[in-house]
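# Close look at the chain arrangement
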Amino acid sequence: MTTELFRFTQWANGQPQKRFTALMGLLAAPEGLADSYHRQPSRKAVGVDGTDKAEYGQQLGANLADLSARLKRMGYRPKPSRRVYIPKSSGQGQRPIGIPCFEDRIVEDRLSRILQAIWEPEFRDCSYGFRPDRSAHQALARLDHIITTERTQWVYEADLKNFFGSVSHEHMMRFIEHRVGDSNLLRLIRRFLKAGVMDAGVFNASEQGTPQGNLVSPVLSNTYLHYTLDEWFERRFARQCQGKAYLVRFADDFVACFEFETDARTFERSLTERLQSFGLEIEPTKTALLRFGDLAPILCKRDGLKRPRTFSFLGFSHYMRVWRNGRIVLSRKTEAVRVRRKLTEFGRRLKSMRTAGARAMQMFTLRHWQGHLQYFGVRGNSRSSGGSGSSDRFSEPISGRIC
């Protein structure tokens, strides 16, 4: 981080309601663009112009000076992203990803860090995705705390349908203008939103949405959901509830926890109306309202159910577990569909590596297992994560009694 950006970040942290009107100089500073250049990985896929980091860096000084000059005179225009498709984590369908040109990556990185410095002090604590010093494990820990200590009895799990492709540019710019008053920077953000994509050699204009893969998309999506969901829930809806109500969000995937059923069902109805007013909708196949908490095992048996329903969040299935001594705890395990899909992919990849030799296959297996264990190796998940059942890290239940 350059000294100028560091000072701006420190200053912005103490100005949570300030509207910034002179930001293009910070964005176009050659030192900052050079810093963003060095932050880019060397082996990223190239965009529509075919330029990679090594080629751009052959005349780095001249290229960055030219880029800075074009930014200052508003002569810079982002190129369309190259669209590719990757399998969705659910295993159903494919997810479109936009690969920007390398020069656009530099500007996007610089722009995203400036916007992050402005909005980070304003973002709510319930938001965890794409934020500095916040992770999916912290979101899971917060959810565990809410369910185990805040009298949660009802859970509403939800996912937004095609969120990155449904974002309204009109609403997005209105949200950005709450804190940004620099007309040139606003024009630049509009250009990024309208840059479009190249799909199989065909240009498609962008009338809505922000492509995944764009480096500025995470902070823009967080800003959009900050005003659309987070602020509305914590400052308006939760205060009107009869009991406790909490929200935990990671990107466009979120869970709302309630003490009373009436509050949960009111939220289910209100949320649909709230999202529709901003061009969003719930994905029905990934959304459910269910009884979940320390009383769930008892009340579900009264209702004729064998056990409480489970819900999925960030790759884990959460469920209520009853110990032999009658103690009820919250547990979680890797989603079964995710385990099956990963094992299938793993076997297919190993099969394709047979000609590379045993050593290469062993190293690939080790890296794959370490990466899987780093995320899914949580307490109580030894069977699904591949850890040793005798290890305290995996065998201990989540501490604390649900009450």
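Look a little higher up for the structure.
Heads up: these notes are all about the structure in this document.

What counts, and at which threshold
- Residues numbered from 1 in each chain as written.
- Predicted model: local features only at pLDDT ≥ 70, side-chain atom pairs only at ≥ 80, totals over all residues.
- Heavy atoms only, no water.
- Patch = residues over 30% accessible without salt bridge, like charges linked within 9 Å, V, L, I, M, F, W, Y side chains within 5 Å.
- Areas by Shrake-Rupley, 256 points an atom, 1.4 Å probe, with all protein chains shown as cover.
- Salt bridge = Lys/Arg side-chain N within 4 Å of Asp/Glu carboxyl O.
- Helix = DSSP H or I, 4+ residues; strand = E, 2+ residues; numbered from the N terminus.
- Pairing = 2+ DSSP bridges.
- Axes fitted to C-alpha atoms, helices over the stretch in contact; angles between N-to-C directions.
- Buried < 20%, exposed > 50% of the residue type's maximum accessible area, 1.4 Å probe, protein only.
- Core = buried A, V, L, I, M, F, W, Y, C linked by side-chain atoms within 4.5 Å.
- Contact = heavy atoms within 4.5 Å.
- Polar contact = N/O pair within 3.5 Å; in protein donor to acceptor, adjacent residues only side chain to side chain.
- Expected span 1.5 Å × (residues − 1).

## A look at a nonpolar patch on the surface
A cluster of nonpolar side chains, contributed by M363, L366 and W369, occupies part of the molecular surface with about 260 Å² of accessible area. Relative to the helices and strands, W369 resides in helix α15 (residues 358–376).

## Quick look at the sheet that holds strand β6 (residues 245–250)
The strand order β6-β7-β3-β8 describes an open sheet built from four strands, whose pairing is antiparallel. Of all strands in the sheet, those with a lone pairing partner are β6 and β8 (288–291), marking the two edges. For this sheet, the mean inter-axis angle between neighbouring strands, taken without regard to orientation, is 15 degrees. As paired strands, strand β3 (residues 154–159) and β8 are joined by four bridges and run antiparallel to one another. What sits directly across from Y156, in β8, is L289.

## Quick word on the sheet that holds strand β5 (residues 202–204)
Strands belonging to one sheet form pairs held by backbone hydrogen bonds; the direction of such a pair is parallel or antiparallel. The four strands are arranged β2-β1-β4-β5 in an open sheet whose pairing can be described as mixed. Each edge of the sheet is formed by a strand with only one pairing partner; in this case those strands are β2 (94–99) and β5. Neighbouring strand axes in the sheet, compared pairwise and without regard to direction, differ in orientation by 40 degrees on average.

## Here we look at the pairing of β3
Where burial is concerned, most of β3 is hidden: six out of the six residues are buried. Where burial is concerned, the two faces of β3 agree: the one with W154, Y156 and A158 and the one with V155, E157 and D159 are both buried. Taken together, the six bridges between β3 and strand β7 (residues 253–258) define a ladder with antiparallel strand orientation. Residue pairing across strands places E157 opposite V255, the latter belonging to β7.

## Quick word on the nonpolar core
By size, the foremost hydrophobic cluster in this structure holds 73 residues, and its most contacted members are L71, F233, F258 and F267. Counting residues per element, this core draws most heavily on helix α11 (residues 217–240), which supplies ten residues. Ignoring any residue separated from it by four or fewer positions in sequence, one finds L71 in contact with M24, L27, A28, L33, Y76, V107 and L188. By size, the runner-up hydrophobic cluster in this structure holds 25 residues, among which are L140, I147, V248 and F250.

## Examining the side chain of T228
Position of T228 among the secondary structure elements: in helix α11. With a relative accessible area of 0%, T228 lands in the buried category. At 2.7 Å, the side chain of T228 forms a polar contact with the backbone oxygen of Y224. Each residue touching T228, except ones within four places of it in the same chain, is listed here: F175, R274, L275, F278 and L280.

## Concerning the pairing of strand β10 (residues 316–322)
Sheet faces and side chains relate simply in a regular strand, where the side chains alternate between the two faces. Relative to β10, strand β9 (residues 311–313) runs antiparallel, the two sharing three bridges. Bridge pairing in β10 places F311 opposite H318. Between the end of β9 and the start of β10, which pair antiparallel, lie two residues, with L314 showing a positive phi angle near 60 degrees. Strand direction decides the pairing type here: β10 and strand β11 (residues 328–334), joined by seven bridges, are antiparallel. The partner of S317 across the bridge, within β11, is K333.

## Remarks on helix α7 (residues 136–149)
In this model, α7 (14 residues) spans 20 Å end to end at C-alpha, consistent with the 20 Å of a helix rising 1.5 Å per residue. Taken as a whole, α7 has its buried residues at A136, A139, L140, L143, D144, I146, I147 and T148. On its buried side, α7 packs onto β6, β7, β9, β10, β11 and α15. With its phi angle positive at about 60 degrees, R151 sits one or two positions after the end of α7.

## So, unusual backbone geometry
One can expect most non-glycine residues to show negative phi and most peptide bonds to be in trans. The backbone of M74 sits at a positive phi, close to 60 degrees, despite the residue not being glycine. Considering the arrangement of structural elements, one finds M74 in the loop between α5 (60–72) and β1 (81–87). Although it is not a glycine, N162 adopts a positive phi angle of roughly 45 degrees. Counting through the fold element by element, N162 comes out in the loop between β3 and α8 (163–166). Residue classification places N162 among the exposed residues on the basis of a relative accessible area of 52%.

## Observations concerning the environment of P80
On the secondary structure map, P80 appears in the loop between α5 and β1. When the C-alpha positions of P80 and C101 are compared, they lie 8.0 Å apart, and in sequence the two are 21 residues distant. With residues near it in sequence (within four places) discarded, P80 still touches V48, A195, G196, V197, M198 and F203.

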